[in-house]
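A closer look at the structure
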Amino acid sequence: MSTLNAGTLNVTGALNLPNYTTAQRNAISSPATGLMIYNSTDGAIEIWDGTEWTAASGSASYVVATGGSVSESGDYRIHRFNSGGTFNISAVASDAANNNVDYMVVAAGGGGGGFGSGLNGNFGSGGGGGAGGVLRTDGFNYTVSAGSYPVGVGGGGTGGTGNGMGSNGGNSNFGPQTATGGGGGGQQDQNGYPGGSGGGNGTDGDGYNEPAGSGTGGQGNSGGRGASSQNGTSGGGGGASQSGENGYNRPNSRPARGGNGYTTNISGSSVTWGGGGGGANYPGGPHNPEGGSGGGGPGGTEPTQQGVAGSTNTGGGGGGACDQDPRNYPMPKGGNGGSGVVIVRYKYQN
């Protein structure tokens, strides 16, 4: 590549800058500070400042940003954060209509409830953990400006051990937009915690008489109640698009399903996020546990069987722990909730 060094350059016609794609630009060896190019991938004039390439003010046709794992799908660029980081916008488009992004913020799922003896002295199964809240835009209506947007990704709630509730999942955020962690599942005779989606209740007592953990408006749904008998099944955790199923009494004591999650193509393909954890079965009943679609972990079905963890980076709730006989504290435990995720998508070319 040739260079021109001049104290003053007067251009009366057109100035043709070197034209590079982002990949070609990144392959330039030891660029000189002040080097100016046209980035054909981002449609922007860029300058090497000695540390990084920055877009010249007012030159970009679209948002120019870094952060997370970056991919393209059609005319859209996608930034996915499986852990915390920063979405850094170095330039915005000269046309304000191209400065809108889509985002999806998924908090972590709650842990499933452990098996236990409740306040009534009975034994029973734990409820499914609620899914992490799913906060999203639909239709590229969130306007961004140049600067840094902190991104946080919540860790999954811990499944409850014998006689213990599941804990709530951690919150996730994109700048000020915060999704609430899923509620932990209740142990036997206890109701689940509220959260992005609420945790399911354990069996009998307050697990049946009290409402399940509530969800957060615009992010998720409530969990399901447990069966009225300790010999029934616990409630499923709530999901992003559906409440958790209520538990069943014998002889139809199949495990209650966790609520289904939210399906979107923001990641470049159709994926479901934020499924509730499944309720657990009393030993000896039908064996068909189901976590909600979107990473919800199934509940236990056999004596001493633990709940299954929610899937990583889906916000799925953990499955509830099955009752057991003989008692062997602190097992079995509920499944841990799945961690969250943050995805940002915007147009980067025609």
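Here the structure is shown first, and the text comes after it.
Residues numbered from 1 in each chain as written. Predicted model: local features only at pLDDT ≥ 70, side-chain atom pairs only at ≥ 80, totals over all residues. Heavy atoms only, no water.

1. Details of the environment of Gly 232
Considering the arrangement of structural elements, one finds Gly 232 in the loop between α2 (206–209) and β17 (262–264). Judged by relative accessible area, which is 0%, Gly 232 ranks as buried. Distance from Gly 232 to Tyr 248, taken between C-alpha atoms, is 5.4 Å for residues 16 residues apart in sequence. (Helix = DSSP H or I, 4+ residues; strand = E, 2+ residues; numbered from the N terminus. Buried < 20%, exposed > 50% of the residue type's maximum accessible area, 1.4 Å probe, protein only.)

2. Side note on the pattern of salt bridges
Enumeration over the complete set of coordinates arrives at five salt bridges. Residues Asp 102 and Arg 345 are paired through a salt bridge, measuring 3.2 Å at the closest nitrogen-oxygen approach. A residue pair is termed long-range when its members are at least 10 positions apart, and Asp 102 in strand β9 (residues 100–106) and Arg 345 in strand β19 (residues 341–347) qualify at 243 residues. Exposure remark for Arg 345: the relative accessible area of 13% places this residue in the buried category. (Salt bridge = Lys/Arg side-chain N within 4 Å of Asp/Glu carboxyl O.)

3. Remarks on the environment of Gly 159
Here Gly 159 shows up in the loop between β14 (147–152) and β15 (172–174). The spacing of Gly 159 and Gly 111 is 48 residues in sequence and 4.1 Å in space, taken between C-alpha atoms. Ignoring any residue separated from it by four or fewer positions in sequence, one finds Gly 159 in contact with Gly 111, Gly 112, Gly 166, Lys 333, Gly 334, Gly 335 and Asn 336. (Contact = heavy atoms within 4.5 Å.)

4. A few points about the side chain of Asn 39
Positionally, Asn 39 belongs in strand β2 (residues 36–39). Of the residues examined, Asn 39 reaches a relative accessible area of 0% and is grouped as buried. At 3.2 Å, the side chain of Asn 39 and the side chain of Thr 22 are in polar contact. A distance of 3.1 Å separates polar atoms of two side chains, one belonging to Asn 39 and the other to Glu 46. Those residues in contact with Asn 39 that sit more than four places away from it in its chain are Tyr 20, Thr 21, Thr 22, Arg 25, Ala 44 and Glu 46. (Polar contact = N/O pair within 3.5 Å; in protein donor to acceptor, adjacent residues only side chain to side chain.)

5. So, the side chain of Asn 99
Note that Asn 99 resides in the loop between β8 (85–91) and β9. Apart from residues no more than four positions distant in its own chain, Asn 99 is found in contact with Val 63, Val 92, Ala 93, Tyr 142, Thr 143 and Val 144.

6. Considerations on the packing of aromatic side chains
Scanning all chains against the criterion turns up eight aromatic pairs. The interplanar angle of 85° and the centroid separation of 5.1 Å between the aromatic rings of Tyr 103 and Tyr 142 together place this pair among those described as edge-to-face. You can see Tyr 103 sitting in strand β9 and its partner Tyr 142 sitting in strand β13 (residues 142–143), a full 39 residues away along the chain. Assigned by exposure class, Tyr 103 and Tyr 142 land together as buried. Among the aromatic residues, those joined into a cluster by ring pairs are Phe 87, Tyr 103, Tyr 142, Tyr 149, Phe 174 and Tyr 346. A cation over a ring is seen here: Arg 77 above Tyr 348, with NZ or CZ 4.2 Å from the ring centre. (Phe/Tyr/Trp six-rings, centres within 6.5 Å; stacked < 30°, edge-to-face > 60°. Lys NZ or Arg CZ within 6 Å of the ring centre and 35° of its normal.)

7. A word on the sheet that holds β2
The pairing of strands in a sheet happens through backbone hydrogen bonds and is either parallel or antiparallel. The sheet built from four strands is open, its strands ordered β1-β2-β3-β4 with mixed pairing. Unpaired on one side and paired on the other, β1 (19–20) and β4 (53–55) mark the two borders of the sheet. Taken together, the three bridges between strand β3 (residues 44–48) and β4 define a ladder with antiparallel strand orientation. Note that in β4 the partner of Ile 47 across the bridge is Thr 54. (Pairing = 2+ DSSP bridges.)

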